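This is what each chain is made of:
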Amino acid sequence: MQRIENINAATMNDDQGYGLIHDATVIINKGKIEFVGAAFDAPATPTAEVIDGNGGLLTPGLIDCHTHLVWAGSRANEFAQRLHGASYQEIAEQGGGIKSTVKSTREASQEELLKLALERAETLMSQGVTTVEVKSGYGLDLENERKQLTVARQLAEQLPVNIKTTLLAAHAVPPEFKDNADGYIDEIIQNILPTLANEGLVDAVDAFCESIGFSPAQTEKVFEAAKKLRLPIKLHAEQITNQQGAKLAAEYQALSADHLEQLDEDGVKAMAENGTVAVLLPGAFYFLRDTQKPPVELLRRHGVPMAIATDANPGSSPIHNLPLMLQMAATFFHMTPEECLRGVTVNAAKALGEQKRGVIAEGCYADLALWNCQDAAELTYQFGVNPLKTLWFNGVAHDRVSKPWSAH
Ligand code: DI6
Ligand code: FE
């Protein structure tokens with residue numbers, strides 16, 4: 001049993017805002033939160049290990065609810081091409097983009113992929129993350145999609161982190177199905193999805209509904225197949241063009257629709273009616289030099305919960321820094337610091353269908369982050385410094401050790 005004292009707790013367990021408790025005490029027992037409240041209300045725990053928070057801020061462990069963390073190969077060359085004038089779409093149409101990462105990911109062994117993904121996951125964790133969603137989508141056939149999702153599961157075995165897997169086989173058309181996207185969709189729904197779901201590798205199903213991806217009709221076929229398997233769905237929607245994807249996803253009670261720069265009010269309303277979370281990805285917006293912002297004011301007005309994630313991937317968001325996404329969401333999308341922190345805690349949990357994470361509340365997993373700062377707005381305000389002191393995963397504390405330089 002542990003007792004964290006002398007903290008301000010941003011419980012996020014509130015309809016809006018931080019759910020802040022000043023001079024709070026949190027009691028952890030058997031990996032779960034047993035008590036959270038004001039210090040003067042806390043029950044006695046004579047045998048508990050006492051942790052002095054030194055007046056710091058305690059938040060739920062952060063949740064990165066949209067990443068493509070498992071890939072091999074670099075796309076720095078494409079970045080350079082873009083800086084010489086090529087567009088993301090042009091590069092994709094010339095066989096670069098997603099396809100080049102598919103090639104490197106297929107060529108990489110499971111061990112190589114795991115090594116790369118471990119490093120990325122640890123980078124996220126060093127900044128307060130305790131849950132990461134990991135998508136496939138760089139394998140695009142049974143064997144390689146399985147390899148990606150297996151690596152994702154291995155991350156959770158090797159690191160103190162919660163991993164949620166998402167099958168994104170409908171990310172791009174693989175070379176074997178060139179000019180036959182419908183044939184590939186059939187392969188997904190008849191083979192890849194049911195097989196990997198049966199192997200326990202799939203927590204949710206996603207698709208890239210886009211002019212350079214799959215049509216709404218093809219996306220709907222994937223949704224139908226997921227529904228038959230009782231798997232929750234998510235969707236890459238309205239990133240580059242408006243395909244009414246978010247509306248379609250919401251009609252299938254999707255957990256989330258993600259990106260959404262081109263989303264219209266119809267889509268917003270459908271999401272509000274169905275409780276679909278809007279996952280905003282300011283890193284991709286920034287990296288692609290997008291100018292069309294997601295309709296944050298409309299989402300707010302209709303009460304659609306907003307989450308924020310890194311979209312960590314080699315093509316459109318080579319970013320492994322969730323706190324930086326808060327800064328970008330505030331600066332680019334005009335989200336408030338409260339909305340930003342909710343976006344990587346309570347609303348990110350909702351986007352993953354996680355019932356017992358994302359808030360500090362009795363009965364929830366003790367996934368917590370202790371920060372060396374007083375004001376919760378600090379987490380959105382500053383970047384480039386790392387105020388994380390301690391991270392708890394399932395009630396086990398891990399201190400962040402900053403590595404000092406040493407002279408030789
Ligand atoms: N949207 C994205 O931002 C990424 N995938 C997607 O569907 C980009 C993936 C890549 O370029 O490798
Ligand atoms: Fe993505």
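Residues numbered from 1 in each chain as written. Chains lettered and ligands numbered in written order. Predicted model: local features only at pLDDT ≥ 70, side-chain atom pairs only at ≥ 80, totals over all residues. Heavy atoms only, no water.

**Student:** Would you explain the overall build of the chain in this entry?
**Tutor:** Within the chain, the secondary structure is distributed over 15 helices and 15 strands. In the chain, which comprises 408 residues, the proportion classed as buried is 57%. Of all intrachain contacts in the chain linking residues separated by at least 6 positions in sequence, the fraction that spans at least 24 positions is 71%. Of the roughly 16,900 Å² of accessible surface on the chain, a fraction of 49% belongs to carbon and sulfur atoms. Charge-centre separation for the chain: the mean point of 34 positive side chains lies 2 Å from the mean point of 52 negative side chains. (Helix = DSSP H or I, 4+ residues; strand = E, 2+ residues; numbered from the N terminus. Buried < 20%, exposed > 50% of the residue type's maximum accessible area, 1.4 Å probe, protein only. Contact = heavy atoms within 4.5 Å. Areas by Shrake-Rupley, 256 points an atom, 1.4 Å probe, with all protein chains shown as cover. Lys, Arg positive; Asp, Glu negative; His and termini not counted. Charge placed at Lys NZ, Arg CZ, Asp CG, Glu CD.)

**Student:** Would you take a moment to explain the site of ligand 1 for this structure?
**Tutor:** Taken together, 14 residues form the shell around ligand 1, and within it Arg75, Tyr88, Tyr138, His171 and Ser316 come nearest. Contacts to ligand 1 include tyrosine 138, whose side-chain N or O atom sits 2.6 Å from an oxygen atom. Residue histidine 171 places a side-chain N or O atom 2.8 Å away from a nitrogen atom belonging to ligand 1. In terms of residue class, the shell around ligand 1 is built from four nonpolar, eight polar and two charged. (Near = heavy atom within 4 Å. Polar contact = N/O pair within 3.5 Å; in protein donor to acceptor, adjacent residues only side chain to side chain. Nonpolar A, V, L, I, M, F, W, Y, C, P; charged D, E, K, R; others polar.)

**Student:** Can you walk me through the coordination of the iron ion (ligand 2) in this structure?
**Tutor:** Think of it this way: four donors in a tetrahedron around the metal ideally sit 109.5 degrees apart, and six in an octahedron ideally sit 90 or 180 degrees apart. For the iron ion (ligand 2), every protein donor is listed as His66 (NE2), His68 (NE2), His236 (NE2) and Asp311 (OD), and the spread of their distances is 2.1 to 2.3 Å. Classification of the site at the iron ion (ligand 2) rests on its four donor atoms, whose angles at the metal span 82 to 168°, yielding the label irregular. Taken in chain order, the donor set of the iron ion (ligand 2) reads H-x1-H-x167-H-x74-D. With histidine 66 in the loop between strand E5 (62-64) and helix H1 (76-83) and aspartate 311 in the loop between strand E12 (306-308) and helix H12 (322-333), this pair connects stretches of sequence that are 245 residues apart. Here the two residues histidine 66 and aspartate 311 agree in accessibility, since each one is buried. (Donors = N, O, S within 2.8 Å, 3.2 Å for Na, K, Ca; no water. Tetrahedral: all angles 85-135°; square planar, octahedral: opposite > 155°, others 65-115°.)

**Student:** So what exactly am I meant to see when it comes to the pattern of salt bridges here?
**Tutor:** Opposite charge on two side chains permits them to pair, given that their charged atoms come into close proximity. Counted under the stated rule, the structure contains 16 salt bridges. Taken together, the salt bridges that share partners define one network made up of Lys164, Glu354, Arg357 and Asp367. (Salt bridge = Lys/Arg side-chain N within 4 Å of Asp/Glu carboxyl O.)

**Student:** Would you explain the domain arrangement of the chain in this entry?
**Tutor:** Interface size is commonly expressed as the accessible surface area that is lost when the partners come together. Here the chain is described as being made up of domain 1 (2-60 + 359-399) and domain 2 (62-351). Summarising the inter-unit geometry, the C-alpha centres of domain 1 and domain 2 are found 30 Å apart. Opposite the 26 residues of domain 1 that make contact, domain 2 presents 23 residues. Interface area for domain 1 against domain 2, summed over the two sides, is near 1,800 Å², with a carbon-plus-sulfur share of 69%. Its largest share of buried area at the contact with domain 2, domain 1 owes to Met12, Thr380 and Phe393, together 31% of the area lost on that side. If you look at where domain 1 meets domain 2, you find zero salt bridges. For the pair domain 1 and domain 2, the number of links is six residue pairs in polar contact (both at pLDDT 80 or more). Mapped onto the side of domain 1 that touches domain 2, the elements with two or more residues apiece are strand E4 (49-60), strand E13 (368-371), helix H15 (378-381) and strand E14 (388-393). Looking at which element gives the most residues to the side of domain 1 that touches domain 2, the answer is E14, with four residues. Split into classes, the residues belonging to the side of domain 1 that touches domain 2 amount to 16 nonpolar, seven polar and three charged. (Domains from an automatic or database assignment. Buried area = accessible area lost by both parts, 1.4 Å probe.)

**Student:** What should I look at first to understand the packing of helix H6 (residues 181-198) against helix H7 (residues 216-228) in this one?
**Tutor:** To characterise two packed helices, one gives the angle between the axes of the helices and the distance between these axes. The interhelical angle for the contact between H6 and H7, taken along N-to-C directions, is 10°, at an axis separation of 10 Å. When the axes of H6 and H7 are compared, the pair comes out roughly parallel. Where H6 approaches H7, its residues Ala181, Asp182, Ile185, Asp186, Ile189 and Leu193 are matched on the opposing element by Gln218, Lys221, Val222, Ala225 and Ala226. Residues belonging to the contact of H6 with H7 are distributed by class as follows: seven nonpolar, one polar and three charged. (Axes fitted to C-alpha atoms, helices over the stretch in contact; angles between N-to-C directions. Parallel < 35°, antiparallel > 145°, perpendicular 65-115°, else oblique.)

**Student:** Explanation requested: the packing of aromatic side chains in the structure shown.
**Tutor:** Inspection of every chain in the model, using the stated rule, returns seven aromatic pairs. Judged by centre distance (5.0 Å) and plane angle (75°), the rings of phenylalanine 285 and phenylalanine 333 are edge-to-face. Of the two residues, phenylalanine 285 is situated in helix H10 (residues 282-287) and phenylalanine 333 in helix H12; the sequence distance between them amounts to 48 residues. The exposure class assigned to phenylalanine 285 is buried, which follows from its relative accessible area of 5%. The exposure class assigned to phenylalanine 333 is buried, which follows from its relative accessible area of 4%. Relative to phenylalanine 332, the ring of tyrosine 286 lies with its centre 6.3 Å away and its plane at 20°, an arrangement referred to as stacked. (Phe/Tyr/Trp six-rings, centres within 6.5 Å; stacked < 30°, edge-to-face > 60°.)

**Student:** Hey, could you run me through unusual backbone geometry in this one?
**Tutor:** Excluding glycine, most residues fall at negative phi; most peptide bonds, likewise, are trans. The phi dihedral of glutamine 253 falls on the positive side, at around 55°, and the residue is not glycine. By the secondary structure assignment, glutamine 253 is in the loop between helix H8 (245-251) and strand E10 (256-259). Taking the relative accessible area as the measure of exposure, glutamine 253 reaches 53% and is therefore exposed. Within the chain, leucine 260 stands out as a residue other than glycine whose phi angle is a positive 75°. When you line up the elements, leucine 260 lands in the loop between E10 and helix H9 (265-274).

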